[in-house]
Amino acid sequence: MPGKARGRARGRARGGREAQETRRPGEQQPQLGEIQEPRRPGEQQPQQAPATPLLGAEGGSPPDPREDVGEPFPALAAGAVGPAVSSGRAAYRGGAREPRPGMAGEVPRVPVEEMQRMAIGTGEASATGHQRAEYGDLTTRPAHIIDKKGTSGRPIELSANYFRLETAPNLILYQYHVDYNPPIESRRLKAALLGAHEELLGKVRVFDGMILYLLKRLHEKKTEVYSTRQYDGEQIRITITLTNELPPNSPQFIQVANIIFRRILSMIDMKQIGRNYFNPTLSVNIPRHRLQVMPGFTTSILQYETSVLLGIDVAHKILRTDTVLDIMYEMYERGGASFYDDVFKKFVGSIVLTRYNNKTYRCDDIEWDKHPKDTFKMRDGSDISYKDYYKQHYNITITDDEQPLLVSKPSKSEQKRGHKDPIYLLPELCTLTGLSEEVRSDFHVMKDVATHTRLEPSARSERLYSFINKISQNEEVAAYLRDWRMRFSDRLMKLQARILPQEKIIQGNNAVINYRQEDAEWSRDMRGKQLLVPVRLQNWVVIGTRRDTGLVTDLVSTLNRVGPPMGMFIDKPRIVELPNDRNDSYIAALRENISPNVQMVLCVCPSSKKDRYDAIKKTCCIDHPIPSQVVLTRTISKKQMLMSVATKIAIQLNCKLGGEVWAVEIPLQHTMVIGIDTYHDSSSKGRSVGGVVCSVNRLMTRYYSKVTFQHNHQELIDGLEPAIIGGLRQFHAVNGVLPEKIIVYRDGVGDGQLPAVFEHEVPQMIQAMKKCRGHRGHKAP
């Protein structure tokens, strides 16, 4: 590859236009052409007709599909797409009109239910009446329980990473629905047309294109104003209708408060990357590993019991200092006939950051036949090349004219907003984010990164205080918060907590493990003590490559030594040597050696290739169900650590064979614990799997499990009733009675979904208990 240095972009981001002003080029799906042989980056391609991307912003800036996701503040309307609206051409006309159906009279909803059904920009919030609604928490605590706080343990005062949001007394947020006639599609144009009436509305407002929030009540319930659309001179009638009056504990107010805070973060030069905000000026480079750590914060304003709190936590963005193109160069120079396949596996599915606008994209494909000199159409109909576009809009000079382009397909939410065409990105301007599995497995890299990302509690508190002080001392922010009649406390929340007594951990023969509660680690103290319920491993298979035969032999002999002291007797396995580490070789060996009398399969793999691991687990879980364990050669390569590693492997084998390792004392009798969660598989078009586990013995070390399959990314589990019935019957089979108490842990449910859980899942549980009533003469719990 000639001129390696010509592609060293090093993440330059010269220029500095805001993302709202310019958009990413190349949204149009490229025209389908003939399939050509793959080429390396920089190799000349045959001439092709240029693809035609989606028309960009007026004035020549191609659009980014996420441009309209920003904060809906009227102040941004000055740079809005389309004509500016003259403030001197607005006409006012007040007067009450007949309210639209559903504007008033509905029963107020609790916050979680309201939050679930309400979304800014959908217009659904306007369906509630304009009367002030009463808001409160969803009550789930039984009436006879007065206080849920415990008393055991030693009291201790803690600081939490929360600051109180303080508002003016009797503060009310007025919600209005805004209609345009004739209809307007562009949200920015809507904001610009409405912004012409600042004298009427005031400067303090939030508008998302349909819902308007003000701190003042307009004179009339329904107000009509007119604005002139500049480019064609047409008069646009704007109807502003009062729909609700919201106190600070309402879900809409909380949502507006989060929008306000995001605006504050932009005022103090924080840059949004993904969902969080970061400060690029404080980035720390780790040259040894070509990584960069960018500090930032995760923030959220929510209602907590009796107060509205701002939750802040320290976050870090891990970036590479070299570009995607640099990595491509290195992979090409290493040679190999599988260069294109290796590049595809390396980058497709990864998240990249474009530093010129601080946005992240998922790489879904690589277009080897598209290059920076290819052209696309601007919104004004003119053609421009990708290279010229970046020079004109960002003052970035592209150095490699023959690099391929990365393809980022729009997400489902972007498709719903009308962005259906892919975005084309230049590898020279993209940086990989996060850490790959290969990097995560490197101890030295993780140690160096941890020095910048792992903060002690005192350092974390100092970082949070520095952040909140920066907000309070900024004059622009202070004025902005005064306009909204709110402020943030400058002190972290204080909590009265308790350090609970140390739990007694029991193993076989009622042996008690001695450990330090502060360390929360007792694996070292387990060595030499019998497991609670050990299982003998008699018939098992070990599969590894021929070059790793020595490591396999050492592991087996060490397992034979560490097993008996734990009560786990491990017989000699059948060892299968493979000529290579190809996936097919492992799968063929599994199919040949798995039989009904085999208890366990252990595979020793030379690397952590995901496709190989997935293939092994698919074979052992679906095709030929059998307990399996995968061990990496680097895990067992250090002989001085082999005893400790083998002990942990033996414990895992015992668990997978149905044994029990240790337990804690459970004071409750006849109690079942149920855990419920949902897994969403992004690769199977919305199909989800709900998992249910139920404890079946007194020590809660044995569990019944069942899965249910769902569609369309359902978070609430269907088919819960048969899973609970199966768990109750298994509990009865083990204990001879049904449980008297059932404790359910439901993961993955936000506050807005709690009403749906009560309406959908709790009835299924109750119905399952009713069906088990009288099971073998015993009452249901």
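Residues numbered from 1 in each chain as written. Predicted model: local features only at pLDDT ≥ 70, side-chain atom pairs only at ≥ 80, totals over all residues. Heavy atoms only, no water.

### Some words on the overall build of the protein
Condition: What counts as a helix is a DSSP run of H or I of at least four residues, what counts as a strand is a run of E of at least two, and both are numbered from the N terminus. For the exposure calls, accessible area comes from a 1.4 Å probe over protein chains only, and a residue counts as buried if that area is under 20% of its type's maximum, exposed if over 50%, partly exposed in between. By definition, residues are in contact when any of their heavy atoms lie within 4.5 Å. The Shrake-Rupley method, run with a 1.4 Å probe sphere, supplies the accessible areas, and residue values consider only the shown protein chains as cover.
When you go through the protein residue by residue, the secondary structure sums to 20 helices and 33 strands. The buried share of the protein, taken over its 781 residues, is 45%. By sequence separation, contacts in the protein at least 24 residues apart represent 73% of the contacts at least 6 residues apart. Surface accessibility of the protein: about 40,300 Å² in total, with carbon and sulfur atoms responsible for 50%.

### So, the nonpolar core
Heads up, the condition is: The nonpolar core is taken to be a set of buried Ala, Val, Leu, Ile, Met, Phe, Trp, Tyr and Cys residues, with the residues joined through side-chain atoms within 4.5 Å.
One finds F261, I264, W484 and F488 to be the most contacted residues of the largest nonpolar core, which totals 42 residues. Listing elements by their share of this core, those giving two or more residues are β3 (162-167), β6 (211-214), α4 (251-267), β12 (291-304), β13 (307-320), α11 (457-472), α12 (475-483) and β22 (486-488). When residues of this core are assigned to their parent elements, the largest contribution, ten residues, is made by α4. Listed in part, the 35 residues of the second largest apolar core include Y356, W368, I384 and L425.

### Focus: the sheet that holds strand β20 (residues 423-425)
Convention followed: In short, DSSP must find at least two bridges between two strands for them to pair. An axis is simply a line fitted to the C-alpha atoms; with a helix, the fit covers only the stretch in contact. Between two such axes, the angle follows the N-to-C directions and lies from 0 to 180 degrees.
Read from one edge to the other, the open sheet built from three strands follows the order β16-β19-β20, with strand pairing classed as antiparallel. Each edge of the sheet is formed by a strand with only one pairing partner; in this case those strands are β16 (365-367) and β20. Across this sheet, the average inter-strand angle for adjacent strands is 35°, counted without regard to direction. Pairing analysis gives three bridges linking strand β19 (residues 405-408) to β20, with the strands arranged antiparallel. Across the sheet, S408 pairs through a bridge with I423, a residue of β20.

### Details of the pairing of β12
Relative to β12, strand β10 (residues 276-278) runs antiparallel, the two sharing two bridges. In the strand pairing of β12, Y277 is matched with F297. Between strand β11 (residues 284-286) and β12, which pair antiparallel one after the other, the connecting turn spans four residues, and R290 there sits at a positive phi close to 55°. Here β12 runs beside β13; their pairing, made up of 14 bridges, is antiparallel. Along β13, the bridge assignment pairs T299 with I312. Linking β12 to β13, which pair antiparallel, is a turn of two residues; within it E305 sits at a positive phi near 50°.

### As for the packing of helix α14 (residues 549-562) against helix α17 (residues 642-656)
As a reminder, the rule being used: Here roughly perpendicular refers to angles of 65 to 115 degrees, roughly parallel to angles under 35, roughly antiparallel to angles over 145, and oblique to all remaining angles. In this classification, Asp, Glu, Lys and Arg are treated as charged, Ala, Val, Leu, Ile, Met, Phe, Trp, Tyr, Cys and Pro as nonpolar, and every other residue, Gly included, as polar.
α17 packs onto α14 with a crossing angle of 70° between their chain directions and a minimal axis gap of 9 Å. Classified by the angle their axes make, α14 and α17 are roughly perpendicular. Across from D554, L555, T558, L559, R561 and V562 in α14, the residues of α17 making contact are L642, M643, A646, T647, I649 and A650. Tallied by class, residues from the contact of α14 with α17 come to eight nonpolar, two polar and two charged.

### Re the state of the cysteines
Applicable threshold: Any cysteine sulfur atom paired with another within 2.5 Å is treated as part of a disulfide.
All told, the structure shown has zero disulfides when counted by the stated rule. The thiol of C603 is unpaired, and the distance to the nearest cysteine sulfur, on C605, comes to 5.8 Å. C620 provides the cysteine sulfur closest to C621, a residue in no disulfide bond, and the two sulfurs are 6.7 Å apart.

### A word on the sheet that holds strand β14 (residues 351-354)
Spatial strand order, β15-β14-β21: three strands in an open sheet with antiparallel pairing. Two strands bound the open sheet, and with one partner strand each, they are β15 (359-362) and β21 (430-432). When the angles between neighbouring strand axes are averaged without regard to direction, this sheet yields 35°. Relative to β21, β14 runs antiparallel, the two being bridged by three bridges. Within β21, the residue paired with T354 across the bridge is C430.

### A short note on the confidence of the model for the protein
The cut-off we apply is this: The pLDDT value tells you how sure the predictor is about a given residue, anywhere from 0 up to 100.
For the protein, the mean per-residue pLDDT works out to 79, and 79% of the residues sit at or above 70. Note that residues 1-136 has pLDDT below 50 and, in this model, 359 contacts with residues that lie over four places away or in other chains.

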